[in-house]
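Close look at the chain arrangement
So you can see what is in the structure, the chains are spelled out below.
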Amino acid sequence: MRIHRHPLSGHAHRAQLFASLTGINHELVDVDLLSGEHKKEPFLSLNPAGKVPVLEDGEVVVADSNAILVYLARKYAPDWMPKDTVGEAEVQRFLSLAANEIANGPAAARLITVFGAPLDADRAKTIAAGVFGQLEAHLNGRDWLVGNRPSVADVAIYSYTAHAPEGNVGLDGYPNIRALLARIEALPGFVPMQATKAGLAA
């Protein structure tokens, strides 16, 4: 199994983190985004969208970080995906949150400071405050986002939330979120994402 990634991509870290937490044997293949390797062959044959991460599992190729989480959980780590319909729907809600508000909030804010992306910093920080407020309230009295054990939902929100300070989005006002991040980091097999001295983390 190979995970094509860039070490500063939170989306790619999502896939790497889940594989590591669940003990799935995998090889990391670095993709040089700065040289545009992801926008030409042979990478485009794996993912025509030209984005990391991409998972190769034998003949199976899966693009999109959340799709990779679901695939790996279903095939190799079923305990990380609830078996009841309500629990599965809750997980899907947080996968959507990761793909929308997390991506357009803390992830976008970090793209500006780390990569110089031409995005609206104020908008990104406003979205980040909204989504972190939702997560903080949801975590009242809970150890994990869904059910009573870690799931793909927790992995999906981890990377860009943990590295939000790099995009000038502080976590001081969110003790429940910080506690969740700490619980994830204490799990066997946890691997951190490469840190960047940017924003509040400079």
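Summarised in this report is the structure supplied together with it. Every residue gets a number counted from 1 within its own chain, in the order that chain's sequence is written. In keeping with the model being predicted, local features are shown solely for residues with a pLDDT of at least 70 and side-chain atom pairs are shown and tallied solely at 80 or more, while totals for entire chains, interfaces and linings include all residues. The basis for every side-chain value is the complete set of non-hydrogen atoms in the structure, without hydrogens or water.

**Here we look at the environment of Tyr160**
Numbering goes from the N terminus for both helices and strands, where a helix is a DSSP run of H or I of at least four residues and a strand is a run of E of at least two. Structurally, the position occupied by Tyr160 is in helix H6 (residues 152-162). Remark: exposure states derive from per-residue accessible area (1.4 Å probe, protein chains only) relative to the maximum for the residue type, with buried under 20%, exposed over 50%, and partly exposed in between. Classification of Tyr160 by relative accessible area gives buried; the value is 7%. Setting aside residues no more than four positions away along its own chain, Tyr160 makes contact with Ser9, Gly10, His11, Arg14, Ile102, Pro106, Ala107 and Arg110. Nitrogen and oxygen atoms within 3.5 Å of one another constitute a polar contact, given that in protein one can donate a hydrogen and the other can accept it, and given that sequence-neighbouring residues count only through two side-chain atoms. Polar side-chain contacts of Tyr160 include one of 3.1 Å to the backbone nitrogen of Gly10. Side-chain polar atoms of Tyr160 contact the side chain of His11, separated by 2.7 Å. The contact criterion used throughout is that any non-hydrogen atoms of two residues lie within 4.5 Å.

**A word on the pairing of strand E1 (residues 2-5)**
Here, any two strands with at least 2 DSSP bridges between them count as paired. Relative to strand E2 (residues 27-30), E1 is paired through 4 bridges, and the arrangement is parallel. Within E2, the residue paired with Arg2 across the bridge is Glu27. By convention, a crossover is right-handed whenever its connection, traced from the first strand over the helix to the second and viewed with the strands pointing away, goes clockwise. Remark: the E1/helix H1 (residues 10-21)/E2 crossover connection has right-handed handedness.

**Some details on the sheet that holds strand E3 (residues 54-57)**
One open sheet accounts for 4 strands, arranged E2-E1-E3-E4; its pairing is mixed. Here the strands that pair on one side only, and so sit at the sheet edges, are E2 and strand E4 (60-63). Here the average twist between neighbouring strands, direction ignored, is 20 degrees. Here E1 runs beside E3; their pairing, made up of 3 bridges, is antiparallel. Its bridge partner being in E3, Arg2 is matched across the sheet by Glu56. The strands that helix H3 (residues 65-76) touches are E3 and E4; relative to E3, the one it contacts most, it runs at about 30 degrees. Fitting a line to C-alpha atoms yields each axis, with helices limited to the stretch in contact; the angle taken between N-to-C directions then spans 0 to 180 degrees.

**Concerning the pattern of salt bridges**
For this document, the term salt bridge refers to a Lys or Arg side-chain nitrogen within 4 Å of an Asp or Glu carboxyl oxygen. Under the definition given, this model contains 9 salt bridges. Between Arg2 and Glu27 there is a salt bridge whose closest N-O contact spans 3.7 Å. Of the two residues, Arg2 sits in strand E1 while Glu27 sits in strand E2, which places them 25 residues apart along the sequence. By relative accessible area, which is 34% here, Arg2 ends up partly exposed. Glu27 gets classed as partly exposed once you look at its relative accessible area, which sits at 42%. With a shortest N-O distance of 3.4 Å, Arg2 and Glu56 are connected by a salt bridge. One end of the pair, Arg2, is in strand E1; the other, Glu56, is in strand E3, with 54 residues separating them in the sequence.

**Let's talk about the side chain of Gln16**
Within the secondary structure, Gln16 is located in helix H1. For Gln16, a relative accessible area of 11% corresponds to the buried category. Aside from chain neighbours lying at most four places away, what touches Gln16 is Ile3, Arg5, His26, Leu28 and Val191.

**Observations concerning the environment of Glu185**
Within the element layout of this structure, Glu185 appears in helix H7 (residues 175-185). Non-local contacts of Glu185, meaning those with residues more than four positions away in its chain, are made with Tyr158 and Phe190.

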